[in-house]
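# A look at the structure
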Amino acid sequence: MRAATRDRYGDPDVIQLVDLPDPTPGPGELLVRVRATTVNRSDTAARSGSPWINRVVHGWPRPRQRVLGSELAGVVVGLGRGVDGYAAGDRVVGFVDGRPGAHAELVTVPVDGLVAHIPDGVSFEDAAPAMEAGHYAHACLRVTGVGRGDRALVHGATGAIGSTLVQLLHAEGVAVTAVCDRLPPGRGSLLTELGATTVVDLGNGDRLDRAGDGFDVVVDATGHLPFATARRLLRPGGAYVSSDLGRGGQNIALSLVGPLARALRRRHALFPLPRGDADLATHLVDLMARGAYRPVVDRTYDLADIRAAHAYVDTGRKVGGVVVRLPVAD
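A brief look at the structure comes next. (Residues numbered from 1 in each chain as written. Predicted model: local features only at pLDDT ≥ 70, side-chain atom pairs only at ≥ 80, totals over all residues. Heavy atoms only, no water.)

## As for the overall build of the protein chain
Cut-off, in case you're wondering: For the purposes of this entry, the term helix denotes a DSSP run of H or I that reaches at least four residues, the term strand denotes a run of E that reaches at least two, and both are numbered from the N terminus. Values of the radius of gyration come from C-alpha atoms, whereas the globule rule sets the reference at 2.2 Å times the count of residues to the power 0.38. It only takes one pair of heavy atoms within 4.5 Å for two residues to be counted as in contact. The accessible surface values rely on the Shrake-Rupley method and a 1.4 Å probe; as for residues, cover is taken only from the protein chains in view. Charge counting follows a simple rule: Lys and Arg are positive, Asp and Glu are negative, and His as well as the terminal groups are ignored. Just so you know, the charge point we use is NZ for Lys, CZ for Arg, CG for Asp and CD for Glu.
Looking only at helices and strands, the protein chain features 11 helices and 15 strands. For a compact globule of 330 residues, the expected C-alpha radius of gyration is about 20 Å, and the protein chain comes in at 20 Å, within 12% of that figure. Over its C-alpha atoms, taken along the principal directions, the protein chain stretches across nearly 55 × 40 × 40 Å. Restricting to contacts in the protein chain with at least 6 residues of sequence separation, those with at least 24 account for 68%. About 14600 Å² of surface is accessible on the protein chain, with carbon and sulfur atoms providing 49% of the total. Averaged over its 37 positive side-chain charges, the protein chain has a centre that lies 7 Å from the centre of its 36 negative ones.

Given below as structure tokens:
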């Protein structure tokens, strides 16, 4: 199979397209021919090894895993022992974080993980960005217990996690204020279409204080809104959640005292711990089938241009997901 690999940390030039042996599905696994994958911030951080914590996670002095990529949409071509509910030819969407990656023509996927059938009418390219952002966004929603009638602010709302959060919160009946650095040209109504009731476009002259205050939840979806700033946007007892560790891992430290502050009805920080299982995958694709969740796709590249996809994600300007198409097998 053809795969995009890297054997050292660095810029996108470290990525090489090579031929690797085809994987074999083990018990409880699907073998999927990948038709579309994504390049996200996790991929570029793992490729570059920056910040330093990525080298602790992915290997020192060289990365342990050659093939990156956590998200995929494709066709089942093989079944491991004990697999039920799937058959060769099924279209599936999945997430394989921590395993040999999806930037390859073939990948094995555990059926008890984040994998589900792609709904009718949804293309491989539109399905591919659904799971990584979906499971992080769902973790943010779940840790706060936010629900119908509450108010939430999402900072970094045009990113993959942020745009997913806007939709998942809206689906739960939460009034969403979406804050972004700049809406892309020609997509000025994107966030209201996704369900935001108020949009604050910082790149167009808006100020964060225009968002108001008294929010039940403030979610930092990109790591650019520290608790010290978010705190004044919250009501007493309100929760701050970030998908990022924060400078020096401060969001983890703050979350350790979060339960006590919450019990005392003080503004507090919580840290989401994502879980990935088939039930969550089914929930996300059900939302897609109902039209309540559609991953935002910024750009699409071919596998041969995956270095360019990494370089674009490195700019920090992507809106939603960046998709990589793989060739159809002969």
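## Here's the deal with the packing of helix H4 (residues 130-144) against helix H5 (residues 160-171)
Helices that pack against each other are described as a pair by the angle of their axes relative to one another and the distance between those axes. The condition that has to hold: What counts as an axis is a line fitted to C-alpha atoms, over the stretch in contact for a helix, and the angles between N-to-C directions run from 0 to 180 degrees. In these notes the angle categories are as follows: under 35 degrees is roughly parallel, over 145 is roughly antiparallel, 65 to 115 is roughly perpendicular, and the rest is oblique. Handedness of a crossing follows from how the near helix is turned relative to the far one, being left-handed for an anticlockwise turn of less than a right angle and right-handed for a clockwise one. Side-chain classes are defined by residue name, with Ala, Val, Leu, Ile, Met, Phe, Trp, Tyr, Cys and Pro counting as nonpolar, Asp, Glu, Lys and Arg as charged, and the others, Gly among them, as polar.
Relative to each other, H4 and H5 sit at 55°, their axes nearing to 8 Å. Considering the angle they form, H4 stands oblique to H5. In this structure, the crossing between H4 and H5 has a hand that is right-handed. Counted together, Ala133, Gly134, Tyr136, Ala137, His138, Cys140 and Leu141 of H4 and Ala160, Ile161, Thr164, Leu165, Leu168 and Leu169 of H5 form the full contact between these two elements. Its residues placed into classes, the contact of H4 with H5 shows 10 nonpolar, 3 polar and no charged.

## Considerations on the pattern of salt bridges
This is how it is decided: A side-chain nitrogen of Lys or Arg and a carboxyl oxygen of Asp or Glu constitute a salt bridge if their distance falls within 4 Å. The buried label applies to any residue whose accessible area, calculated with a 1.4 Å probe on protein chains only, is under 20% of its type's maximum; exposed applies above 50%, and partly exposed to all values in between.
Tallied over the entire structure, the rule returns 10 salt bridges. A salt bridge links Arg47 to Asp314; the shortest N-O distance between them is 2.9 Å. Within this pair, whereas Arg47 is found in helix H1 (residues 41-48), its partner Asp314 is found in helix H11 (residues 306-314), the two being separated by 267 residues in sequence. With relative accessibility at 2%, the residue Arg47 sits in the buried group. A salt bridge links Arg235 to Asp216; the shortest N-O distance between them is 2.6 Å. In this pair, Arg235 is assigned in strand E12 (residues 234-242) and Asp216 in strand E11 (residues 215-220), connecting sequence segments 19 residues apart.

## With respect to the nonpolar core
Filter applied, for reference: As used in this record, nonpolar core signifies buried Ala, Val, Leu, Ile, Met, Phe, Trp, Tyr and Cys residues forming a set joined through side-chain atoms within 4.5 Å.
Formed by 52 residues in total, the largest nonpolar core has its most connected members in Met131, Val154, Leu165, Val166, Leu169 and Leu191. Filtering out sequence-adjacent residues up to four positions away, Leu169 remains in contact with Leu141, Val146, Ala152, Val154, Val174 and Val176.

## Considerations on the sheet that holds E12
Stated precisely, the cut-off is as follows: At least two bridges found by DSSP between two strands are what make those strands a pair.
Spatial strand order, E10-E9-E8-E11-E12-E13: 6 strands in an open sheet with parallel pairing. Strand pairing shows two members of the sheet lacking a second neighbour, strand E10 (198-201) and strand E13 (268-270), which therefore form its edges. Each strand axis lies, on average, 20° off the axis of its neighbour in the sheet, ignoring direction. Here 4 bridges tie strand E8 (residues 151-155) to E11, and the two strands are oriented parallel to one another. Paired with His155 across the bridge in E11 is Asp220. In this fold H4 packs onto E11, E12 and E13, with an angle of close to 150° to the strand it touches most, E12.

## Here we look at H1
Keep this limit in mind: For the purposes of these results, a polar contact is taken to be a pair of N or O atoms within 3.5 Å, where, inside protein, one atom must be able to donate a hydrogen and its partner to accept one; residues adjacent in sequence count only when each atom of the pair is a side-chain atom.
Taking burial as the measure, the 8 residues of H1 include 6 buried ones, the bulk of the element. Of all the residues in H1, the buried ones are Asp43, Thr44, Ala45, Ala46, Arg47 and Ser48. Looking at the buried residues of H1, the elements they touch are strand E3 (29-39), helix H2 (53-58) and H11. Where H1 begins, one side-chain oxygen reaches toward the backbone nitrogen of Ser42, 3.0 Å away; that side chain belongs to Asn40. Looking at the residues trailing H1, positive phi occurs at Gly49, about 75°.

## Here we look at the packing of aromatic side chains
Operational definition: In this scheme Phe, Tyr and Trp rings, the latter by its six-membered ring, pair at centre separations within 6.5 Å, and the angle between planes marks the pair as stacked below 30 degrees, edge-to-face above 60, and tilted otherwise. Lysine and arginine charges are scored as sitting over a ring when NZ or CZ, respectively, is within 6 Å of the ring centre and within 35 degrees of the ring normal.
Overall, the coordinates contain 1 aromatic pair when judged by the stated rule. Taken together, a centroid distance of 5.5 Å and an interplanar angle of 55° make the contact between Phe227 and Tyr240 tilted. Of the two residues, Phe227 is situated in helix H7 (residues 227-230) and Tyr240 in strand E12; the sequence distance between them amounts to 13 residues. Comparing Phe227 with Tyr240 shows no difference in burial state: the two are buried. A cation over a ring is seen here: Arg151 above Phe215, with NZ or CZ 4.2 Å from the ring centre. Sitting above the plane of the Tyr312 ring, Arg299 keeps its charged end 3.8 Å from the centroid.

## Focus on the environment of Asp84
Structurally, Asp84 can be placed in the loop between strand E4 (71-79) and strand E5 (91-95). With 56 residues separating them along the chain, Asp84 and Gly28 place their C-alpha atoms 8.6 Å apart.

## Focus: the pairing of strand E15 (residues 321-325)
Selection criterion: Consider the strands pointing away from the viewer: the crossover is right-handed when the path from the first strand over the helix to the second runs clockwise.
For E15, the buried fraction is high: 4 of the 5 residues fall into the buried class. Two strands pair when backbone bridges link them, and E3 and E15 are joined in this way by 4 bridges, in the antiparallel orientation. Across the sheet, residue Thr37 finds its bridge partner in E15, namely Val324. Following the chain from strand E14 (residues 297-302) across H11 to the adjacent parallel E15, one finds a crossover that is right-handed.

## Some thoughts on the packing of H4 against helix H10 (residues 278-290)
With their axes 10 Å apart at the nearest point, H4 and H10 run at an angle of 105° to one another. Classified by the angle between their axes, H4 and H10 sit roughly perpendicular to one another. Residues Ala130, Met131, Gly134, His135 and His138 of H4 form the contact with H10, whose own contacting residues are Leu280, Ala281, His283, Leu284, Val285 and Met288.

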